[in-house]
Amino acid sequence: MKRSRLDVSQKYYLGEVFQNSGWRRLTLFYEVRNWSGGSTSTPVAEIDVVEHPSRDRCNPHTEIKIAVRNEIRFRYGGIDIDGNKTQLRHPTDVVEKNTIKDVLTKLKDAGIVTEPLCVYVCMRHIEEFWVEGDFWYDG
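In short, a report on the structure. Bear in mind the structure is a predicted one, so any value in this text is a computation, not a measurement.

## Regarding the overall build of the protein chain
For step 1, the next point in the chain: Within the protein chain, the secondary structure is distributed over one helix and eight strands.
For step 2, the next point in the chain: Going from N to C terminus, the protein chain has its helices and strands arranged as β-β-β-β-β-β-β-α-β.
For step 3, the next point in the chain: Over its C-alpha atoms, taken along the principal directions, the protein chain stretches across nearly 50 × 40 × 35 Å.
For step 4, the next point in the chain: For the protein chain, the residues scored as buried account for 32% of the 139 residues in total.
For step 5, the next point in the chain: Intrachain contacts of the protein chain at a sequence separation of at least 6 include 45% that bridge at least 24 residues.
For step 6, the next point in the chain: For the protein chain, the exposed area adds up to about 9,700 Å²; of that, 48% sits on carbon and sulfur atoms.

Following this line, the structure appears as structure tokens:
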């Protein structure tokens, strides 16, 4: 994908973040514009696209994982960033099902994904994260 932005709807668009030969990560943004033309974009989900080869009696396929942020929700006609760390929300608290369907359609239309494919929609909720040992290097 050579574009840095792929419009999904009037309020949502996809921006690409990372890519290698078999994996691509895009971010779903919610955009709000004001009367003077300015805008604020809030990332609401990470979308990982992974190409799987044929293995274990399974045909080659594309896997799409849509990990929706847990610390935001859709309220009062917009996104509310409340920093929730205690309750695991449902994906539809943040992104409507129709928007997810629109995302999949745009990914197909742009040639980013092809069938057969499998789709996972889940909440991203990380309790703890750390690294140990020589994780970074000077290259």
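## As for the pattern of salt bridges
For step 1, the next point in the chain: Tallied over the entire structure, the rule returns ten salt bridges.
For step 2, the next point in the chain: Arginine 5 is the salt-bridge partner of glutamate 31, the closest N and O atoms lying 2.9 Å from each other. Here the residue glutamate 31 occupies a position in strand S3 (residues 23-33), and arginine 5 occupies one in the segment before strand S1 (6-7), the gap between them amounting to 26 residues.
For step 3, the next point in the chain: The exposure class assigned to arginine 5 is partly exposed, which follows from its relative accessible area of 32%.

## Quick notes on a nonpolar patch on the surface
For step 1, the next point in the chain: On the surface, Ile126, Phe129 and Val131 cluster together into a nonpolar patch covering about 330 Å² of accessible area.
For step 2, the next point in the chain: Within the element layout of this structure, phenylalanine 129 appears in the segment after strand S8 (117-124).

## What to know about the pairing of strand S6 (residues 72-75)
For step 1, the next point in the chain: Pairing of S6 with strand S7 (residues 78-81) involves four bridges; the strand directions are antiparallel. Bridging across to S7, arginine 73 finds its partner in aspartate 80.
For step 2, the next point in the chain: The antiparallel pairing of S6 with S7 creates a hairpin that spans two residues between the two strands, and tyrosine 76 there sits at a positive phi of about 55°.

## Considering the sheet that holds strand S2 (residues 12-19)
For step 1, the next point in the chain: Taken together, the six strands give an open sheet; going across it, the order is S1-S2-S3-S4-S5-S8, and neighbouring strands pair in mixed fashion. With one partner strand each, in any of the chains shown, S1 and S8 form the two edges of the open sheet.

## Concerning the packing of aromatic side chains
For step 1, the next point in the chain: Tallying each qualifying case throughout the model produces four aromatic pairs.
For step 2, the next point in the chain: On the basis of an interplanar angle of 15° and a centroid distance of 6.3 Å, the ring pair of phenylalanine 18 and tryptophan 23 is categorised as stacked.
For step 3, the next point in the chain: Since its relative accessible area comes to 42%, phenylalanine 18 is described here as partly exposed.
For step 4, the next point in the chain: Measuring from centroid to centroid gives 6.0 Å for tyrosine 30 and phenylalanine 74, while their planes differ by 85°, and the two rings are edge-to-face. Taken together, the residues span a long stretch of sequence, with tyrosine 30 in strand S3 and phenylalanine 74 in strand S6 at a distance of 44 residues.
For step 5, the next point in the chain: The partly exposed category is assigned to phenylalanine 74, whose relative accessible area is 34%.
For step 6, the next point in the chain: An aromatic cluster is present here, built from Tyr12, Tyr30 and Phe74 joined pairwise through their rings.
For step 7, the next point in the chain: Geometry around tyrosine 13 places arginine 5 over its ring, the cationic atom sitting 3.8 Å from the centre.

## Here's the deal with unusual backbone geometry
For step 1, the next point in the chain: Of note, the bond from glutamate 115 into proline 116 is cis; its omega dihedral lies within 30 degrees of zero at 0°.
For step 2, the next point in the chain: Looking at the secondary structure, you find proline 116 in the loop between helix H1 (97-109) and S8.

Rules of the game
Residues numbered from 1 in each chain as written. Predicted model: local features only at pLDDT ≥ 70, side-chain atom pairs only at ≥ 80, totals over all residues. Heavy atoms only, no water. Helix = DSSP H or I, 4+ residues; strand = E, 2+ residues; numbered from the N terminus. Buried < 20%, exposed > 50% of the residue type's maximum accessible area, 1.4 Å probe, protein only. Contact = heavy atoms within 4.5 Å. Areas by Shrake-Rupley, 256 points an atom, 1.4 Å probe, with all protein chains shown as cover. Salt bridge = Lys/Arg side-chain N within 4 Å of Asp/Glu carboxyl O. Patch = residues over 30% accessible without salt bridge, like charges linked within 9 Å, V, L, I, M, F, W, Y side chains within 5 Å. Pairing = 2+ DSSP bridges. Phe/Tyr/Trp six-rings, centres within 6.5 Å; stacked < 30°, edge-to-face > 60°. Lys NZ or Arg CZ within 6 Å of the ring centre and 35° of its normal.

Treat this as a map of the structure, not an account of what it does.
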